[in-house]
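If you want the building blocks of each chain, they are given just below.
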Amino acid sequence: MRAVRPVSKSSVTPAVAALALSILAAAPLSAQASGARTPVVGEGQRITATLSPGIRVGNQLFASGQLGTSPNDTTIAGQTTRALESTEKVFKAAGTTLAAAATKCTVFLTDVKDFQGMNGAYTKFFPSNPPARSTVVVAALVVPNAKVEIECQGIIPQ
């Protein structure tokens, strides 16, 4: 077994000291991030073998991507509204709302021409201070005729 040599104050550089302090300061954050994962299930939703509608870790909420498909309304506005209503159910089950807690949403569209229609329906859910958002055009979604999928993350107000 090798002996460990004590570190003298003179051998600690400012950069090493700063690194050590940043690691110690980040410890509470990493402890929260590695905390218990709690499934969040909105009204009418269920956990399956492959996904949970949402996961809460501390005050963070991660809502799975929601599709808005319906045999009765195939418009982009209708599908966007349904996808966000499903996401809203996850946020409500966690004790908050999309408008109050969403910090980042990602929108997946199958046709770039649907952007304006999606955006019109989307803005109704965030009347002020909308979350950060990315919009990505994809070749297809997992359900035939699905035009949009939306996933959101948020911080649950204390």
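Residue indices begin from 1 for each chain and proceed along its sequence in written order. Only residues with pLDDT of at least 70 are given local features in this predicted model, and only at 80 or more are side-chain atom pairs given and counted; all residues enter the totals for whole chains, interfaces and linings. Remark: hydrogens and water are excluded; side-chain values derive from all non-hydrogen atoms of the structure.

Caption draft 1: A look at the sheet that holds strand 4 (residues 102–109). Strand pairing requires that DSSP identify at least two bridges connecting the strands. What counts as a helix is a DSSP run of H or I of at least four residues, what counts as a strand is a run of E of at least two, and both are numbered from the N terminus. Taking strand neighbours across the sheet as the criterion, the six strands line up as 1-2-3-6-4-5 in an open arrangement whose pairing is mixed. Of all strands in the sheet, those with a lone pairing partner are strand 1 (37–40) and strand 5 (132–137), marking the two edges. For this sheet, the mean angle separating the axes of adjacent strands, direction not counted, is 15 degrees. Two elements, strand 4 and strand 6 (residues 148–155), share seven bridges in a ladder whose sense is antiparallel. Of the residues in strand 6, the one forming a bridge with K104 is Q153. Contacts were defined at the residue level, with two residues in contact if any of their heavy atoms lie within 4.5 Å. Structural elements are reduced to axes, namely lines fitted to C-alpha atoms, with helices fitted over the stretch in contact, and the angle between N-to-C directions of any two is expressed from 0 to 180 degrees. On the sheet, helix 2 (residues 76–93) packs against strand 1, strand 2 (54–57), strand 3 (60–67), strand 4 and strand 6 and is oriented at approximately 30 degrees with respect to strand 6. Its contacts with the sheet put helix 4 (residues 115–123) on strand 4, strand 5 and strand 6, and the angle it makes with strand 5 is roughly 150 degrees.

Caption draft 2: Structural detail: the packing of helix 2 against helix 4. Relative to each other, helix 2 and helix 4 sit at 40 degrees, their axes nearing to 8 Å. Taken as axis vectors, helix 2 and helix 4 run oblique relative to one another. As for the relative orientation of helix 2 and helix 4, their crossing is right-handed in sense. Across the interface between the two elements, I76, A77, T80, T81 and L84 of helix 2 pack against G117, M118, A121 and Y122 of helix 4. Partitioned by chemical class, the residues of the contact of helix 2 with helix 4 number six nonpolar, three polar and no charged. Roughly parallel means an angle under 35 degrees; roughly antiparallel, over 145; roughly perpendicular, 65 to 115; everything else is oblique. Crossing handedness is defined as follows: a turn of the near helix away from the far one that is anticlockwise and smaller than a right angle gives a left-handed crossing, while the clockwise case is right-handed. Three classes are used: nonpolar for Ala, Val, Leu, Ile, Met, Phe, Trp, Tyr, Cys and Pro, charged for Asp, Glu, Lys and Arg, and polar for all others, with Gly counted as polar.

Caption draft 3: Region of interest: the packing of aromatic side chains. Classification of ring pairs rests on two measures: the distance between centres of Phe, Tyr or Trp rings, Trp counted by its six-membered ring, which must be within 6.5 Å, and the angle between planes, read as stacked under 30 degrees, edge-to-face over 60 and tilted in between. Under the definition given, this model contains one aromatic pair. Measuring from centroid to centroid gives 5.0 Å for Y122 and F126, while their planes differ by 45 degrees, and the two rings are tilted. Using a 1.4 Å probe on the protein chains alone, a residue whose accessible area is under 20% of its type maximum counts as buried, one over 50% counts as exposed, and one in between counts as partly exposed. Note on F126: relative accessible area 5%, which makes it buried. Note on criteria: charge over ring means Lys NZ or Arg CZ within 6 Å of the ring centre, with the direction from the centre no more than 35 degrees off the ring normal. Here the basic side chain of R133 rests over the ring of Y122, its NZ or CZ set 4.4 Å away from the ring centre.

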